[in-house]
Amino acid sequence: MSFDFNTKDQLFSRYPNPYKTENWFLLGVSLLNLAGVIVLFLNARAYLRNGEHMLFGMCMVLTVLFLFVLGRTAIRLLTQLRFVFGRGYPAGLAPELNAGVIGHSKQADQLIELMRHQTIPFSEPQGPVEGLLFALFRSLLVAPGAVREQAKQHFESLLIHGALLLSLLSSWLLFSGSDQEGVVSVLYLPLTGLSLLTVLQRRYAAQQQTSAFPFMLRLIGLIGFAILGPVLVPRVLPHADLTPMWTPPLILLTGTLLNAGLALYALVAQLDIPASTSVACEETRLTMNAAPGQLWTEINQLFKENWFEGIPNRAYANITPEIAGEIRGRFQGYILEETQPEPVHSSGNGEPGRLLQTRFGPALLALNGLAVLAAFSAFLSAAILSSSLAGFKPAGVYNFVLCLLALQMLTLHALRSGHLLWSRMYFRSTLIWIETQGTYQTADFQVGNQMNSHFSSRSSVTRTEDAILRVWMADLYTVCFGKENQRYLVSLAPSLVKPAWYLRRLEEFARNQSSVAAPVSARDLEHTRTMSGFEALAKQTPDQNNFQQNQISQQEQRPLPTIGHGRIKLIQQDRGFGFIQQQGGPDVYFRVQHLETQDLQAGAEVRFEIVSTQRGSEARKIRALSEQ
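Residues numbered from 1 in each chain as written. Predicted model: local features only at pLDDT ≥ 70, side-chain atom pairs only at ≥ 80, totals over all residues. Heavy atoms only, no water.

Chemist: Just to check I follow, could you spell out a nonpolar patch on the surface for this structure?
Modeler: Taken together, the side chains of Trp24, Leu27, Leu31, Leu34, Ile38 and Leu42 define a hydrophobic patch exposed on the protein surface, amounting to about 590 Å² of accessible area. Note on placement: isoleucine 38 falls in helix α2 (residues 20-49). Residue isoleucine 38 is classed as partly exposed on the basis of its relative accessible area of 45%. (Patch = residues over 30% accessible without salt bridge, like charges linked within 9 Å, V, L, I, M, F, W, Y side chains within 5 Å. Areas by Shrake-Rupley, 256 points an atom, 1.4 Å probe, with all protein chains shown as cover. Salt bridge = Lys/Arg side-chain N within 4 Å of Asp/Glu carboxyl O. Helix = DSSP H or I, 4+ residues; strand = E, 2+ residues; numbered from the N terminus. Buried < 20%, exposed > 50% of the residue type's maximum accessible area, 1.4 Å probe, protein only.)

And the structure:
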């Protein structure tokens, strides 16, 4: 995985490490396991020296267990120690197109429909487990897919391990002191261990759809075992003289229930309810002396002027309006782009002080504290008891090993449950969708008298007639869990950069398209006057020619700029443009670099020069009226 670096990307380089607090917990767990490895290794060497090979083997098994947990936590700690956020992050909302590529995708079409209907889609609850979960926590209905899936898994863990704990307690009360107590207690070891291993192996994927049948089958089986077990076990299982082992499964079940409860509360407490699902939309009709595809040149220029921090937009769809080889016909096209997502510092991630001020913060810290507590208990047990295993009975040694295994499994489970919330990152961006459709007509035109004219012009022109042009814009608020993972939409809001600005620029562009075939634009009239001058010039004497050339050169001189007065209506310092409400005239567009008075704000009265550019009128040399 690589990232793009640019010296101007100050915002990205200042983004804090969201795993800062989690890394401290990982460091604590790693150090405890490292100390446990050293203690166990020293005790294993002592047992080997004394010829106690079975105890030596047990210590080496525990050493491997502590090394495994140390490796998992240390690798994650070192990986998250330095957080790099380059231009390629986060993931796009749809497959991205390279510059100039024509195409679209299913995800891009879904974004278009999302903007058209002004809604955020969420999947309906599936199965009885989700039905019960979303009935208890209604806010999960509008949660991101990754949060919903993990909440479902923790809820299932609460149900299955709660039933398993009730079954264990009832069996302990019924079989305590009986001949079958050891056999029944041993049965709960694989039941508890396999149940937790299943949770650890499942990935928190939002798109994962699992059947509710296996879960319901396990739940009913555990309840049935708790009721029928006391009667069936003495009749089915033979008598065996086994030492009861209730402690390892009891530790594992109690810790797992506490972990699932804290994780589920933290997930529900941090949910973001969509505050808005509105989209800004403006439309107009265009007629211009050019093919509709020429609009795309101006649209790409407008997109470039609004790039965030100079970073190119993410293109999701680009269908250029094409015309067939016929004289007349219909066309349609659309383009969908998103500005570079701007990272927003989420509430509390990476900052313990701010984290405690949030609703989910205490539960998240307690969840990671549970991991440290389990690791500390495992280390303390290993440090105190591993050196005196020679005085234990074989059953006591096995019970000790299983208790340490249960504590280490609980450590990994608690760390993994909290990692999703540590990796949460928020972003702001603007989604822009421009669509057009209409009719076109192609014709050949010749300007000039074919009988006696010395100069004439012949051209083939495509004219766009009554094209509907719509601009849809929305400010997106998105969240992802890990910079490489899928990004989810949290809310939609009308964009601060109004679609009317895009429409005004595109209308000016359409009016200025030159074609002698239908002289309606200023450029058409200019070309017509020039050709008429050449015609008259060819019919005159040399002296008259010199005089006429001087007249034409004077006409082609740039007119003097017009002085205007008005009030600043809008100024976007970060985007580099604004508008002036002109006295007795239309609003005038300006660029920030043409402000000659510093710190001008909206509402300030100004004096300026109006100049004509290829894209329309612009204000230059803008000064505060008080300085004149």
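Chemist: What exactly am I supposed to notice about unusual backbone geometry here?
Modeler: A negative phi angle characterises most non-glycine residues, just as the trans form characterises most peptide bonds. Here aspartate 599, not a glycine, exhibits a phi torsion of approximately 60°, which is positive. Structurally, aspartate 599 can be placed in the loop between β10 (588-591) and β11 (605-613). Backbone geometry places lysine 621, a non-glycine residue, at a positive phi of 50°. Considering the arrangement of structural elements, one finds lysine 621 in strand β12 (residues 616-624).

Chemist: Looking at this structure, I do not really get the pairing of strand β9 (residues 577-582). What am I missing?
Modeler: Sheet faces and side chains relate simply in a regular strand, where the side chains alternate between the two faces. Where burial is concerned, most of β9 is hidden: five out of the six residues are buried. Of the strand pairs in this sheet, strand β8 (residues 562-572) and β9 are connected by six bridges, and their pairing is antiparallel. The residue of β9 that forms the bridge with glycine 566 is glutamine 582. For β9 and β10, the ladder comprises four bridges, and the chain directions are antiparallel. Within β10, the residue paired with glycine 578 across the bridge is phenylalanine 590. In this structure, the hairpin formed by β9 and β10 is closed by a connection of five residues, where glycine 584 is found at a positive phi of approximately 75°. (Pairing = 2+ DSSP bridges.)

Chemist: In this structure, what is going on with the environment of arginine 116? I would like to understand it.
Modeler: Note that arginine 116 resides in helix α4 (residues 106-117). Given the relative accessible area of 37%, arginine 116 is considered partly exposed. Counting along the chain gives 317 residues from arginine 116 to tryptophan 433, while the straight-line C-alpha distance between them is 9.7 Å. Once residues lying within four places of it in the same chain are set aside, the contact partners of arginine 116 are Trp433, Glu435 and Trp472. (Contact = heavy atoms within 4.5 Å.)

Chemist: How should the nonpolar core be read in this particular structure?
Modeler: Taken as a class, soluble globular proteins show a tendency for nonpolar side chains to be buried jointly. Leu133, Leu140, Val147, Trp422, Met425 and Phe481 are the most contacted members of the largest nonpolar core, which has 38 residues in total. Of all the secondary-structure elements, those providing two or more residues to this core are α5 (127-136), α6 (145-175), α9 (247-269), α12 (361-385), α13 (394-422), β5 (424-447), β6 (457-481) and β7 (487-494). It is α9 that contributes the most residues to this core, five residues altogether. Residues in contact with methionine 425, not counting those within four places in the same chain, are Tyr15, Pro18, Tyr19, Phe83, Thr478, Val479, Cys480, Gly482 and Lys483. (Core = buried A, V, L, I, M, F, W, Y, C linked by side-chain atoms within 4.5 Å.)

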